[in-house]
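# Residue-level structure breakdown
Given next are the chains, with one letter for each unit.
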Number of protein chains: 2
Amino acid sequence: MSSKIRLESAATEAVQKNGLKSLSFRTLGAEVGVKSSSVHYHFPEKSDLAQALIDRYRTGLCSDLKHLSANSESAYSAIAEFVGVFIGYCNEGKLCLGAMLASESELLTQANRESLTGVFNEMQVWLTDEFERGRDELTVDLPSRTLAHCLLSSLEGAHLIARNERSDDQLLSVKMLLDSWFSKVN
Amino acid sequence: MSSKIRLESAATEAVQKNGLKSLSFRTLGAEVGVKSSSVHYHFPEKSDLAQALIDRYRTGLCSDLKHLSANSESAYSAIAEFVGVFIGYCNEGKLCLGAMLASESELLTQANRESLTGVFNEMQVWLTDEFERGRDELTVDLPSRTLAHCLLSSLEGAHLIARNERSDDQLLSVKMLLDSWFSKVN
DNA sequence: GTCTATACCCGGATAGAC
DNA sequence: GTCTATCCGGGTATAGAC
């Protein structure tokens, strides 16, 4: 695989764990066996790296979500699987890339920030559509869009809080809330 | 006021805006008119500064919450005011201190992390008690503790997401969710 | 308690050879 | 595309005078 791709993978992993600020061109290069100058060749400035990571994350996300919609037997199961992704991150000591970068927004360019907004929108639109698809089984009468916002916010917040502790309490509560929104949780 | 106190205030502000990692002893000192060596006199290492900030935040929080409980006419109004604090942060481009530090957990010591957990617990216990106080007006039958977890998670997540964008959508949705939990929202 | 001065390290970034 | 070498700025931290 090309160096560039391997750099992006390693960078994504590192950013989800410790943030962009903590990631240096030197250590990133070392991770895949090249020097910092080579990293600069692919990503001239740090904001270029950030942009690549955000774009890459969004692309992967889109295809994952598309798959999830197509292969799930119900809106509930699709959304529950989405929640599962976050629980997975949590177990690896990672934050969602979007959340981590959002917490470091002072080092992002305007373009970075706009793309990041796009990532969150992608998730919220997908969630909104899924809640709409499961309308009939919903026990709450809030707009789908509101439910989508709330679920995403809870997930991002929960695994931020959960990072410090050694319990899944936080995410489990969110899961309970989600379940309470559906009449059939099979 | 003593330098130490002023340093703590300035540091809290800076950390909520840009994080601990971005805050240098030099710029912090400059903020209150002393040199970096003087900052080191009060806080030998960065983790000492972090500890002071966390302790200070918790103390302020405790007294604020006590006041809120005592002076509110209902559980709903107390909780709504709590939500208001987060909306206020958001308008100032700040994150809750706990959330910001949680996102930077790689630079915290074990002691820092434990104290930080205490801060989140403080909020969750208070919220749990308030939901318990408002039991009669609740329209959801989830445990108060679960509601507390979910509300706090949503708030932390919402203003993380909201930081990038120029809209309050995210936090408004959380407010709508909260309102939907109470039968009387007067 | 605060200062000046300084040691030391690490990060981003670039120039130029291969 | 990758390397070596290097510059420069800025960060943490300490020693010692006042």
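Above this text sits the structure in question.
In what follows, the accompanying structure is described. (Residues numbered from 1 in each chain as written. Chains lettered and ligands numbered in written order. Predicted model: local features only at pLDDT ≥ 70, side-chain atom pairs only at ≥ 80, totals over all residues. Heavy atoms only, no water.)

## Here's the deal with the overall build of chain A
When helices and strands are tallied, chain A shows nine helices and zero strands. If you list the helices and strands of chain A from N to C, you get α-α-α-α-α-α-α-α-α. Radius of gyration (C-alpha) of chain A: 18 Å, near the 16 Å computed for a compact globule of 186 residues. Summarising its shape, the C-alpha atoms of chain A cover approximately 55 × 35 × 30 Å along the three principal directions. Per-residue burial over chain A gives 53% buried out of 186 residues. (Helix = DSSP H or I, 4+ residues; strand = E, 2+ residues; numbered from the N terminus. Rg over C-alpha atoms; globule rule 2.2 N^0.38 Å. Buried < 20%, exposed > 50% of the residue type's maximum accessible area, 1.4 Å probe, protein only.)

## Digging into the protein's contact with DNA strand C
Neighbouring DNA strand C are 17 residues, the closest being A:Arg26, A:Lys46, B:Ser3, B:Lys35 and B:His42. Close to the protein, within 4 Å, the atoms of DNA strand C are drawn from sugar and phosphate at a rate of 50%. For DNA strand C, a base nitrogen lies 3.3 Å from a polar atom in the side chain of A:His40. Take B:Ser3: an N or O atom from its side chain is 2.6 Å from a phosphate oxygen of DNA strand C. Those elements that provide at least two residues to the surface near DNA strand C are α2 (25-32) and α3 (36-42) of chain A together with α3 (36-42) of chain B. When residues in the surface near DNA strand C are grouped by element, the largest group, four residues, is from α3(B). Across the surface near DNA strand C, the residue classes tally to five nonpolar, eight polar and four charged. (Near = heavy atom within 4 Å. Polar contact = N/O pair within 3.5 Å; in protein donor to acceptor, adjacent residues only side chain to side chain. Nonpolar A, V, L, I, M, F, W, Y, C, P; charged D, E, K, R; others polar.)

## Focus: the packing of aromatic side chains
All names here are of chain B. Applying the stated rule across the entire model yields 12 aromatic pairs over all chains. With a centroid separation of 5.2 Å and 70 degrees between ring planes, the pair formed by Tyr 76 and Phe 182 is classed as edge-to-face. One end of the pair, Tyr 76, is in helix α5 (residues 75-91); the other, Phe 182, is in the segment after α9 (169-181), with 106 residues separating them in the sequence. Judged by relative accessible area, Tyr 76 falls into the buried class, the value being 8%. (Phe/Tyr/Trp six-rings, centres within 6.5 Å; stacked < 30°, edge-to-face > 60°.)

## Some thoughts on the protein's contact with DNA strand D
Among the 17 residues in the neighbourhood of DNA strand D, the closest are listed as A:Ser3, A:Lys35, A:Ser38, A:His42 and B:Arg26. Contacts to DNA strand D include A:Ser37, whose side-chain N or O atom sits 2.9 Å from a base oxygen. Taken together, the elements giving at least two residues each to the surface near DNA strand D come down to α3 of chain A together with α2 (25-32) and α3 of chain B. Broken down by element, the surface near DNA strand D gets its largest block of residues, four residues, from α3(A). Split into classes, the residues belonging to the surface near DNA strand D amount to five nonpolar, eight polar and four charged.

## Comments concerning the relation of the copies chain B and chain A
When chain B is brought onto chain A, the operation consists of a screw motion whose angular component is 180 degrees and whose axial shift is 0.0 Å, with 0.0 Å RMSD remaining. Here the two chains are linked by the operation of a two-fold rotation axis. Both copies present the same face, since 100% of the interface residues in chain B are matched by interface residues at the equivalent positions in chain A. (Least-squares fit on C-alpha atoms with pLDDT ≥ 70 in both. Contact = heavy atoms within 4.5 Å.)

## As for the environment of B:Val39
Residues and elements named next belong to chain B. Note that Val 39 resides in helix α3. Taking the C-alpha atoms as reference points, Val 39 and Leu 7, separated by 32 residues in sequence, lie 7.7 Å from one another. Excluding residues that lie within four positions of it along the chain, Val 39 makes contacts with Leu 7, Phe 25, Leu 28, Gly 29 and Val 34.

## Some thoughts on empty space enclosed by the protein
Enumeration over the complete set of coordinates arrives at one cavity of 30 Å³ or more. Those elements that provide at least two residues to the lining of the largest cavity are α6 (97-103) of chain A together with α6 (97-103) of chain B. Grouping the constituent residues of the lining of the largest cavity by class yields two nonpolar, eight polar and six charged. (1 Å grid on protein atoms, 1.4 Å probe; cavity = no way out; pocket = protein on both sides within 12 Å on 5 of 7 lines; lining within 4 Å. Points joined across faces, edges and corners; volume = space filled by probe spheres on them.)

## With respect to the interface of chain B and chain A
Each side of the interface is counted separately: chain B has 41 residues, and chain A has 41 residues. Each partner contributes to the roughly 3500 Å² buried at the junction of chain B and chain A, and carbon and sulfur atoms together form 58% of this total. The largest per-residue losses of area from chain B upon contact with chain A belong to B:Leu160, B:Ile161 and B:Asn164, which jointly make up 17% of the total buried on that side. With its nearest N and O atoms 2.5 Å apart, the salt bridge here joins A:Arg145 to B:Asp169. Scanning the region where chain B abuts chain A turns up 20 residue pairs in polar contact (both at pLDDT 80 or more). Those elements that provide at least two residues to the side of chain B that touches chain A are α6, α7 (110-133), α8 (144-162) and α9 of chain B. Partitioning the side of chain B that touches chain A into residue classes produces 17 nonpolar, 15 polar and nine charged. (Buried area = accessible area lost by both parts, 1.4 Å probe. Salt bridge = Lys/Arg side-chain N within 4 Å of Asp/Glu carboxyl O.)

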